[in-house]
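Here are the chains, one letter per residue:
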Amino acid sequence: MDEQSVGIVETKYFTFAEPPGEMPLECGRTLGPITLAYETYGELNAARDNAVLIVHALSGDAHAAGYHHPRDKHPGWWDVMIGPGRAFDTRKYFVICSNILGGCQGSTGPSSVNPQTGRPYGISFPMVTIRDWVDAQKVLIDHLGIKQLLCVAGGSTGGMQVLQWVASYPEMVRLAIPIATTSKLSAQAIAFDAVGRQAIQSDPNWRDGEYYGKALPRRGLSIARMIGHITYLSDRSMHQKFGRKLQDKSAYSYNLLTDFQVESYLCYKGDHFVNRFDANSYLYITKAMDYFDLTQTYGSLENAFAAAKAKFLVISFSSDWLFPTYQSREIVTALRRRRLPVIFTEIETDHGHDAFLLEFEQLTSLISNFLSHGRSQKS
Amino acid sequence: MSLLTTEIRLEKTGDVVQLVPEHKLLIGLIEKGSHVLDLGCGEGDLLLALKVLKGVRAEGIELSEACIQACVAKGLFSVNQGDLDEGLADYPDKSVDYVISTNTIQVLHRPRVLIREMARVGKRCIVSFPNFAHWQVRLQLILRGRMPKTGKLPYEWHETLNIHLTTINDFRSFCHDAGLKILREIPFRTSASGKCTEVRLLPNLRADAAIFILEEAKSPAG
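A quick note: this is a predicted structure, and the numbers were derived from the prediction, not measured.

1. Points about the overall build of chain B
Step number 1: Assigned secondary structure in chain B consists of 7 helices and 10 strands.
Step number 2: For 222 residues, the compact-globule estimate of 2.2 N^0.38 gives 17 Å, and the C-alpha radius of gyration of chain B, at 17 Å, lies within 12% of that figure.
Step number 3: Principal axes of the C-alpha set define a box for chain B whose edges measure 50 × 45 × 35 Å.
Step number 4: Of the contacts made within chain B by residues no fewer than 6 positions apart, 64% connect residues no fewer than 24 positions apart.

Listed below in structure tokens is the structure:
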């Protein structure tokens, strides 16, 4: 474990919206009780003005940094960015990350037990939107005694939550860092989500979401993950990583078994994923992403930022074709028309959409400077 | 850039900035507290100097990712990575006090479009460019029959980015044609030490560069 690691960390849980105080949802239904899994790194200062909320992407969780036990092989999902001396420097900032509402890694979601029936919600779980995820995070932030966040930051679906935070709670966000994201999914991105959902829902084991305690829809979820994974890479990065190389053989097998390395890699990614992710959560989260559209919700993108007070650092990646640069530019244009301070940069990379997890050197330089200058200037 | 820059320490904050010779002239032209947009702002040195010395609201546009990183490191909060050849569509009419373009218009594919955009967005614009009619340039071409290389034009023909070079006289008539009112012309020559001196006599021959302050003409010609 290196010096810049936050070390051994523990996931905590916060439960609220106990009936009859259920949380109202965008779809019109209510939900309660709600538990959010979260982790924190660093210390909240006396002025309570150094809190940074990290918001995760589709398959992320509350475990953003550090290790859960000394023999843990893998650190949290954004460990390279969070720790003493890292971009989100835990000597200066109090970093919070929570698993989204509807997720499956400690927060209330379709795989949680419905206290009214004593059985998992399954698809009776209400459709929760990104606005609902953010509303739930807000309750957690209130609970932690934080009136204003120094920063909200995240990539991909995390970036959508950053934008939703600014739209829903403009007074609470001083610095916003939406990375590799969009204010609404393109038809192409919705299409990939839809195929992923079809893969899960057509798995005979899915059984209308009632698979808990039985055989899991592993095949469907695995295929959904493979499709997703293709959209996170780029033509170039796949070429560099796999090319047309064969897996454990020197010639074609001339049968339908796996020949190419890229096939075997995707199968591995898919299989690995089903061990840690719930198929129903995948359906709910991708649906929430598809519904997300700030222009539709607020009348225009500029309106979404009407009351915003934050300074923005908007970052896109040159080879990201899932949420291409033009979508970040749309956000920048709206912010600029609102006369909000905004830094926009497109990082040149072959890593595709996944670059937000990989290009940590450029991200570290941008984010650490943005945070330290942004913190010293009074809003 | 092999162009001459000088390092200047801003006493107020201790920041050190690298300025090209005409930046000092230019800083003197900006009123305190103005809203400034610097096109091709590089690593943000001029913007930081203006912010510290003149308390301006500083915004910049820059093509290079590395330069944007340097701007963020300087504590600038409004810098947009973008291509000036694509115009200034994000900016409403007359939304900025000064739009500045230092030594940049000659590298653009469509300088006319951008200068018109500058005049639309800015209440005033400040444009500086190297003067291709400077005597050194003329002599090199006439006497040596070679592509000119000077302090302001230091590149070999095959590596220069300067595709739309102009002269002071050409720029003046361009402004007239493009519906721009010239508020002030500052032709200047640059000493080896980087000092700029305004040239009053025979400017198109003796000035190696010029600054023009422009605004949109009330009834644009053409």
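2. Re the packing of helix H4 (residues 218-232) of chain A against helix H6 (residues 261-274) of chain A
Residue and element names in this part refer to chain A.
Step number 1: Between H4 and H6, the shortest axis-to-axis distance is 8 Å and the interhelical angle comes to 125°. Classified by the angle between their axes, H4 and H6 sit oblique to one another. Regarding H4 and H6, the two cross each other, and that crossing is right-handed. Note on element contacts: H6 touches H4 through Leu266, Lys269, Gly270, Asp271, Phe273 and Val274, opposite Arg218, Leu221, Ser222, Ile223, Arg225, Met226 and His229.

3. A few points about the interface of chain A and chain B
Step number 1: Contact with chain A, which involves 19 residues of that partner, is made by 12 residues of chain B.
Step number 2: For the side of chain A that touches chain B, the elements supplying multiple residues, two or more each, are helix H10 (325-337), strand S14 (342-347) and helix H12 (360-376) of chain A.
Step number 3: Residue classes in the side of chain A that touches chain B are distributed as 8 nonpolar, 6 polar and 5 charged.

4. Some words on the pairing of strand S12 (residues 173-179) of chain A
All names here are of chain A.
Step number 1: Of all 7 residues in S12, 7 are buried; the element is thus mostly enclosed.
Step number 2: With 6 bridges joining them, strand S11 (residues 149-155) and S12 adopt parallel strand pairing. By the bridge assignment for S12, Gly154 is matched with Pro178.

5. Some points on the environment of Arg337 of chain A
Step number 1: Note on placement: Arg337 of chain A falls in helix H10.
Step number 2: Separated by 258 residues in the primary sequence, Arg337 of chain A and Asp79 of chain A have C-alpha atoms spaced 35 Å apart.
Step number 3: Not counting residues within four places of it along the chain, the set of residues in contact with Arg337 of chain A comprises Glu302 of chain A together with Asp90 of chain B.

6. A look at helix H6 (residues 168-177) of chain B
Residues separated by three or four positions in an α-helix point in the same direction, a consequence of the helix having 3.6 residues per turn.
Residues and elements named next belong to chain B.
Step number 1: Of the positions making up H6, those classed as buried are Ile168, Phe171 and Cys175. The buried side chains of H6 occupy one side of the element, clustering within an arc of 60° when seen end-on. Facing away from the buried side of H6 by over 90 degrees, the exposed positions are Asn169, Ser173 and Asp177.
Step number 2: Among the structural elements, strand S7 (122-130), strand S8 (180-190), helix H7 (203-206) and strand S10 (209-216) are those in contact with the buried residues of H6.
Step number 3: Two residues or fewer past H6, Gly179 is found with a positive phi of approximately 75°.

Calculation criteria
- Residues numbered from 1 in each chain as written.
- Chains lettered and ligands numbered in written order.
- Predicted model: local features only at pLDDT ≥ 70, side-chain atom pairs only at ≥ 80, totals over all residues.
- Helix = DSSP H or I, 4+ residues; strand = E, 2+ residues; numbered from the N terminus.
- Rg over C-alpha atoms; globule rule 2.2 N^0.38 Å.
- Contact = placed C-beta atoms within 7 Å.
- Axes fitted to C-alpha atoms, helices over the stretch in contact; angles between N-to-C directions.
- Parallel < 35°, antiparallel > 145°, perpendicular 65-115°, else oblique.
- Left-handed = near helix turned anticlockwise from the far one by under 90°.
- Nonpolar A, V, L, I, M, F, W, Y, C, P; charged D, E, K, R; others polar.
- Buried ≥ 20, exposed ≤ 12 C-beta atoms within 10 Å, placed from the backbone.
- Pairing = 2+ DSSP bridges.
- Arc of directions from axis to C-beta.

What is shown is where atoms sit, not what they do.
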